[in-house]
Structures are given as structure tokens and as C-alpha cells.
Amino acid sequence: MWFQRLAWLLRGPCRQRGITGRRWSWLPQDSGSILATPVRCHPTATESAQCVWQLHRDHLELRYGNTLMRLDFVWLRDHCRSASCYNAKTNQRSLDTASVDLAIRPQAVRVDETTLFLTWPDGHVTRYGLEWLVKNSYEGQKQQVMHPRILWNADIYRQAQVPSVDCRSFLETDEGLKEFLQNFLLYGIAFVENVTPTKEDTEILAERISIIRETIYGRMWYFTSDFSRGDTAYTKLALDRHTDTTYFQEPCGIQVFHCLKHEGTGGRTLLVDGFHAAEQVLRQAPEHFQLLTKVPLKHEYVENVGGCHNHMIGVGPVLNVYPWNNELYLIRYNNYDRAVINTVPHDVVRRWYHAHRALTAELRRPDNELWVKLKPGKALFVDNWRVLHGREAFTGYRQLCGCYLTRDDVLNTARLLGLQA
């Protein structure tokens, strides 16, 4: 059987086109592979895009360009983009995945310069563009960045001279909105200038990019030092860097701040790129980084003030990464709200404290601190999954308003404007 296949390949396109100097490759065999199955080359393709493949017991091994992919047969059948399997108008799968035989194998495989063709036992033919496979395979995704960003400390951010966006441009033009969102996606913070200093106008601003997320603090909130809530933030005291709502199962994605009035001194806002700090930990002590991605912690918010009675608990590691490429997507850091550590065994606790101390040292490095004086008319949007915020102590009367936004809606708005988010 194998000799018949080899003879067929030798009579294939390479020979028919009169191309000389053909090369044959042999990929490593596993215990369940088809023995001595030749790998077919494509000499008509460019050297960098050459494709070779081999069938194994339960998957197809395919190298295209610099990417070696291992594609399970069930996966290849499940992701078929033919009209009977996938609705291109709705971008939704039509095929019932549960109906696919888990022992399925293709009856025939063919690859040309751009496309993989698979014929299944029932005669159905699946076609995949090789570029599509590189983009969507596990190996391809492992090389991809989900959310491009620029990591920064104070000097990097100042030197970038990231412009604020005018309120009118933000509200009335796609260009202004796109510029704002691009800044936000890259740096995790973005400013809008010339906003009328009222809660109502701030609400209009926020709704331009997202649905406002209603929480225990309400929809739009005023923020003063009246201790009306059981939270240190409602005082005049300094606040160390932190992310908000760590005690939610899913922390709020974006926070909006707008200073409406301040009659006094101090009160500057502190911003720190948590991803930049985490990257330094990864470089200097990768074992600390990995531990912070794996150890689950509880954060809680306990409030019994006036008519407010809350006890909220959120669970998750300090650093959250995509498992396939180790890309950081969320930092949950709040020393005020961290609950009793009772989810970590004795032999891990001390190592976790060392890892947490390494991250805290980076977060508290003075050159990572960006201090901003918020004034009436200047609204700040903060990526609460990335950038930590704090505050210096202040005197006098200081009033802020703000809200939380749903992350999905902000990212959706960015994608509709053609941005990668």
C-alpha cells in the first residue's frame, strides 16, 4: 500500500510540472503513526511558505512556513467552514459537534500551495486555507498576542506624549473616538479634555463607549471624604496603589474618574502600569511570576454602614494569564481587600509571600509612578485589569464622580472601529 502511495506521489504535480531537485522530508514517527508515510513538499511555493505534512493515528502534522501544527482529526472535522457546517452570514457553527465520530479519520488528504483538502468517510470535503490554519491552530495562537500594548513607567509615558482627546471630538466623530480607544488599549489609561464638570455630562461621556455597569456603589457615583461608605477611599487619607473590585468574581473592567471640584491641597492621582511591573518580575524571577499566576486568593468587601450591608468575596490569583501563551490579561492587586489567606498550603505560603513582595517592590518603584492632578473638565479612563491607581492625602473639599464600564462593550466598540482588542 505504501509503495502504491509513493508511486502516486512521484507521478504528482511535482513530476508533471517538470520540476527537478525535489526534496523529501521525514517527520518523526509516533507509536500510532502510519509507518513510513512520506511527507509531500510543494516546490511551487516559496521557500518560506513550503508545506510538508504527515498523517498520524489521530492527527495531521503539518508544517507551513515556520509553524509546525498538530491538528486533531476531530478538530479538523468540527471546524469545517463549508456551507453545510458553518453559517458564514451569522459566523456561527451549524455542525453538531456531538455528532462527529471521535474516532474519525480522513480518507484522503491533499495540500496545494494555499489549501488543505480533507475527504471524510461520508464523502464530505473540508477545505482550509493554510494561512487560516496558522492563525487559528494552537501553535499559531501561541505565537500571537491577543492585546497589543505598550508597557510603561513614568518616563516612557511622558516621553510618548500621548495626547488627550477633546470632548467634542470624542463624542461626535469616529476619528476622535478611535484615537481615544487606541491610546486606551495601548497604555491602559486615556484622558478626555474639556468635559463639562457635572455628573450628567460624565455619564454621557462614559456611554459613548460602553454600557455603565451598576454595582453596589450605584450606577454613577459621587466620591467625597464623608465616609458615607465603609471604604478607605471615602476619606482624606492617602491610598496606596491598587485595582478596584478585587472582591468581585470578575473585577470591573474600566473605571472612569472626573474631578468636579477641589478646594484644597494634595489629592494627586497615582497611576502604575501593573503589567510593566509584572514583566519585570517575569524577567528577574520567573518562578515568582508563575507562582502569582497559580495561587488562588480570596478578596472580600465587608460593609455595615447606614443602610449598606455587603459581604462580597472574589477568588483568583494576583496575575491572570492566558494558558496557551502566558500573556497577562488581568492583575488583581489590593492589599486593603485581600482576605485571610486560607487557600494556600503551608509549603507554598512562604514562597507566595516572597513572590508577592517582589511584585510589590516593582509596583512601588518611584520611576514606575505616574502622578496626575485631576482637575474639573479632565476625565480619566483607567483599565482596572491592568493599571493600578492610588491617591495622595488631601485637604479641603474634593468631589469626584465616576462609574465602572463593562469591558466587553469597550472592546466591542474598539473592534467595530477596526482596532485589535
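You'll find the protein entered in an unreviewed UniProt entry as Trimethyllysine dioxygenase, mitochondrial, with Malurus elegans given as the organism. One UniProt comment on the protein, placed under Sequence similarities (unreviewed entry), says "Belongs to the gamma-BBH/TMLD family." As its UniProt record puts it under Pathway (unreviewed entry), the protein is described as follows: "Amine and polyamine biosynthesis; carnitine biosynthesis."

Caption draft 1: Representation of the packing of aromatic side chains in the model. The final tally for this structure, using the stated rule, is 18 aromatic pairs. Centre to centre, the rings of tryptophan 221 and tyrosine 404 are 6.3 Å apart; their planes meet at 55 degrees, and the pair counts as tilted. One end of the pair, tryptophan 221, is in strand 12 (residues 221–223); the other, tyrosine 404, is in strand 23 (residues 397–405), and 183 residues separate them in sequence. With relative accessibility at 6%, the residue tryptophan 221 sits in the buried group. According to the relative accessible area criterion, tyrosine 404 is buried, its value standing at 4%. Between tyrosine 247 and phenylalanine 248, the ring centres sit 5.4 Å apart and the planes meet at 80 degrees, which makes this aromatic pair edge-to-face. With relative accessibility at 6%, the residue phenylalanine 248 sits in the buried group. Each member of the aromatic cluster is reached from another via a ring pair, and the members are Phe170, Phe180, Phe184 and Phe381. The aromatic ring of phenylalanine 117 is capped on one face by arginine 110, whose charged end is 4.0 Å from the ring centroid.

Caption draft 2: Focus on helix 8 (residues 174–187). For helix 8, built from 14 residues, the straight-helix expectation of 20 Å at 1.5 Å per residue is met to within 8% by its first-to-last C-alpha distance of 20 Å. For helix 8, every residue scored as buried is listed here: Gly176, Leu177, Phe180, Leu181, Asn183, Phe184, Leu185 and Tyr187. Once helix 8 ends, the next one or two residues include glycine 188, with phi positive near 80 degrees.

Caption draft 3: Structural context of the state of the cysteines. Within the structure shown, the criterion is met by 0 disulfides. As a non-bridged cysteine, cysteine 403 has cysteine 401 as the owner of its nearest cysteine sulfur, 7.8 Å distant. A relative accessible area of 0% places cysteine 403 in the buried class.

Caption draft 4: The arrangement of the pattern of salt bridges in detail. Scanning the entire structure with this criterion turns up 18 salt bridges. Between aspartate 273 and arginine 386 there is a salt bridge, with the nearest N and O atoms lying 2.7 Å from each other. Within this pair, whereas aspartate 273 is found in strand 15 (residues 269–273), its partner arginine 386 is found in the loop between strand 21 (379–383) and strand 22 (387–391), the two being separated by 113 residues in sequence. Per residue, the accessibility class of aspartate 273 equals that of arginine 386, and both read buried. Arginine 365 is the partner of glutamate 362 in a salt bridge, and the nearest nitrogen-oxygen pair spans 3.7 Å. Classification of arginine 365 as partly exposed rests on a relative accessible area of 37%.

Caption draft 5: Molecular detail of the pairing of strand 1 (residues 51–55). With 5 of 5 residues buried, strand 1 lies mostly within the body of the structure. Side chains of strand 1 alternate between two faces, with Cys51, Trp53 and Leu55 and Val52 and Gln54 buried alike. Where strand 1 hands over to strand 2 (residues 59–64), the hairpin turn is made up of 3 residues, counted between the paired strands.

Caption draft 6: Inspection of the side chain of histidine 356 at higher detail. By the secondary structure assignment, histidine 356 is in helix 12 (residues 346–363). For histidine 356, a relative accessible area of 10% gives the class buried. Ignoring anything within four residues of it in the chain, the contact list for histidine 356 reads Leu292, Tyr333, Asn335 and Arg338.

Caption draft 7: Region of the structure containing the sheet that holds strand 15. One open sheet accounts for 4 strands, arranged 13-22-15-20; its pairing is antiparallel. Each edge of the sheet is formed by a strand with only one pairing partner; in this case those strands are strand 13 (239–242) and strand 20 (370–372). The mean angle between the axes of side-by-side strands here comes to 20 degrees, regardless of whether they run parallel or antiparallel. On the sheet, helix 10 (residues 274–284) packs against strand 15 and strand 22 and is oriented at approximately 40 degrees with respect to strand 15.

Caption draft 8: Local environment of the pairing of strand 14 (residues 254–263). The element strand 14 is largely enclosed, with a buried count of 8 among its 10 residues. Judged from the 5 bridges that link them, strand 14 and strand 21 form a sheet pairing that is antiparallel. Paired with glutamine 255 across the strands is valine 382, a residue of strand 21.

Caption draft 9: Geometry of the environment of glutamine 399. By the element assignment, glutamine 399 lies in strand 23. With a relative accessible area of 16%, glutamine 399 lands in the buried category. Side-chain polar atoms of glutamine 399 contact the side chain of tyrosine 397, separated by 3.2 Å.

Caption draft 10: View of the packing of helix 10 against helix 12. Packing of helix 10 against helix 12 leaves a shortest axis separation of 9 Å and a crossing angle of 130 degrees. With respect to their mutual orientation, helix 10 and helix 12 come out oblique. Between helix 10 and helix 12 the crossing geometry is right-handed. Between helix 10 and helix 12, the contacting residues are Gly274, Ala277, Ala278, Gln280, Val281 and Gln284 on the first element and Ala358, Leu359, Glu362 and Leu363 on the second. When the residues that make up the contact of helix 10 with helix 12 are grouped by side-chain class, the tally is 6 nonpolar, 3 polar and 1 charged.

Basis of the calculations
Residues numbered from 1 in each chain as written. Predicted model: local features only at pLDDT ≥ 70, side-chain atom pairs only at ≥ 80, totals over all residues. Heavy atoms only, no water. UniProt positions renumbered as here; feature names shortened; annotations may be inferred. Phe/Tyr/Trp six-rings, centres within 6.5 Å; stacked < 30°, edge-to-face > 60°. Helix = DSSP H or I, 4+ residues; strand = E, 2+ residues; numbered from the N terminus. Buried < 20%, exposed > 50% of the residue type's maximum accessible area, 1.4 Å probe, protein only. Lys NZ or Arg CZ within 6 Å of the ring centre and 35° of its normal. Expected span 1.5 Å × (residues − 1). Disulfide = S-S within 2.5 Å. Salt bridge = Lys/Arg side-chain N within 4 Å of Asp/Glu carboxyl O. Pairing = 2+ DSSP bridges. Contact = heavy atoms within 4.5 Å. Axes fitted to C-alpha atoms, helices over the stretch in contact; angles between N-to-C directions. Polar contact = N/O pair within 3.5 Å; in protein donor to acceptor, adjacent residues only side chain to side chain. Parallel < 35°, antiparallel > 145°, perpendicular 65-115°, else oblique. Left-handed = near helix turned anticlockwise from the far one by under 90°. Nonpolar A, V, L, I, M, F, W, Y, C, P; charged D, E, K, R; others polar.

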